[in-house]
Amino acid sequence: MRQSEFLNVVMPFKDKLYRLAKRLLVSTEEAEDATQEILLKLWSKNKMIGSYNNVEAFAMTMTKNFCLDRLKSRQAGNLKLVHSNYGETGTPLQKQVEAKDSALWVQKIMEELPEQQKMVLQLRDVEEYDYDEIAEMLDMKPSTVRVALSRARKTVREKLMQKHSYGIG
């Protein structure tokens, strides 16, 4: 595979790789490094890329595994799972503050979720993959993905409602 062919295959989902890495790693620099590393690994396998059914799913799986390895490594002692928030423009300040507060609470709640639920929630609700793709990436059954997603959403919803109903808690 030539460089131009490789770029045509990989570049459309490069941003998704970065967002997943950013979701899993605290620092932007770590996410950029992880994305770069995955792209290099994909390039080193460029002769075999054509044999993969879904190059994007393969790359997302590589990214997930690389980031989880980084989180477990001694070098990553100060890294933790975090959620990237994308702000809206043109909304009143009060609404922005409320949205940011809710997003921070969702982030805190998500940090408490089991690893599998965090991954499923990220891949489905943020990256918008379908259940079969997530099942393939995480080596799970689609029904297990649905259950994990349902539980994650329910936990986030209940804890957020609890926070809004009872104040800081």
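Given the structure is predicted, the values throughout are model-derived calculations rather than measurements.

Caption draft 1: Structural detail: a negative patch on the surface. A contiguous patch of negative charge on the surface is contributed by Glu29, Glu32, Asp33 and Glu37. Topologically, aspartate 33 is positioned in helix 3 (residues 28-44).

Caption draft 2: The arrangement of the packing of aromatic side chains in detail. As enumerated under the stated definition, the model contains two aromatic pairs in all. On the numbers, 4.9 Å between centres and 75 degrees between planes, the contact of phenylalanine 6 with tryptophan 43 is edge-to-face. You can see phenylalanine 6 sitting in helix 1 (residues 3-10) and its partner tryptophan 43 sitting in helix 3, a full 37 residues away along the chain. What makes phenylalanine 6 buried here is its relative accessible area of 6%. On the basis of relative accessible area, tryptophan 43 is assigned to the partly exposed category, the value being 36%. Pairing tyrosine 52 with phenylalanine 58 gives two aromatic rings, centres 4.2 Å apart and planes at 15 degrees, and the pair type is stacked. Judged by relative accessible area, which is 22%, phenylalanine 58 ranks as partly exposed. Here arginine 124 stacks its cationic end above the ring of tyrosine 131, 4.4 Å away from the centre of that ring. Directly above the aromatic system of tyrosine 131 lies the positively charged group of arginine 146, at a separation of 4.1 Å from the ring centroid.

Caption draft 3: Spatial organisation of helix 3. The end-to-end C-alpha separation of helix 3 is 24 Å, in line with the 24 Å expected for 17 residues at 1.5 Å each. All of the buried residues along helix 3 are Glu30, Ala31, Ala34, Thr35, Ile38, Leu39 and Leu42. Looking at the packing, one finds that the buried side of helix 3 touches helix 1, helix 2 (14-24) and helix 4 (55-72).

Caption draft 4: Local environment of the nonpolar core. Leu42, Val120 and Leu123 are the most contacted members of the largest nonpolar core, which totals 45 residues. Contributions of two or more residues to this core are made by helix 1, helix 2, helix 3, helix 4, helix 5 (93-112), helix 6 (115-126), helix 7 (131-138) and helix 8 (142-166). Looking at this core element by element, the count peaks at nine residues for helix 4. Not counting residues within four places of it along the chain, the set of residues in contact with valine 120 comprises Ile134, Leu138, Met140, Val145, Ala148 and Leu149.

Caption draft 5: Quick look at the pattern of salt bridges. Inspection of every chain in the model, using the stated rule, returns six salt bridges. Two residues, glutamate 112 and lysine 159, come together in a salt bridge whose shortest N-O distance is 3.1 Å. Within this pair, whereas glutamate 112 is found in helix 5, its partner lysine 159 is found in helix 8, the two being separated by 47 residues in sequence. Lysine 159 sits in the partly exposed class, given a relative accessible area of 34%. Among the salt bridges present, the one from glutamate 158 reaches lysine 154, with a minimum N-O distance of 3.9 Å. You can see glutamate 158 and its partner lysine 154 sitting in helix 8, four residues apart, about one turn around the helix. Given a relative accessible area of 44%, lysine 154 falls into the partly exposed group.

Reading guide: rules and limits
- Residues numbered from 1 in each chain as written.
- Predicted model: local features only at pLDDT ≥ 70, side-chain atom pairs only at ≥ 80, totals over all residues.
- Heavy atoms only, no water.
- Patch = residues over 30% accessible without salt bridge, like charges linked within 9 Å, V, L, I, M, F, W, Y side chains within 5 Å.
- Areas by Shrake-Rupley, 256 points an atom, 1.4 Å probe, with all protein chains shown as cover.
- Salt bridge = Lys/Arg side-chain N within 4 Å of Asp/Glu carboxyl O.
- Lys, Arg positive; Asp, Glu negative; His and termini not counted.
- Charge placed at Lys NZ, Arg CZ, Asp CG, Glu CD.
- Helix = DSSP H or I, 4+ residues; strand = E, 2+ residues; numbered from the N terminus.
- Phe/Tyr/Trp six-rings, centres within 6.5 Å; stacked < 30°, edge-to-face > 60°.
- Buried < 20%, exposed > 50% of the residue type's maximum accessible area, 1.4 Å probe, protein only.
- Lys NZ or Arg CZ within 6 Å of the ring centre and 35° of its normal.
- Expected span 1.5 Å × (residues − 1).
- Contact = heavy atoms within 4.5 Å.
- Core = buried A, V, L, I, M, F, W, Y, C linked by side-chain atoms within 4.5 Å.

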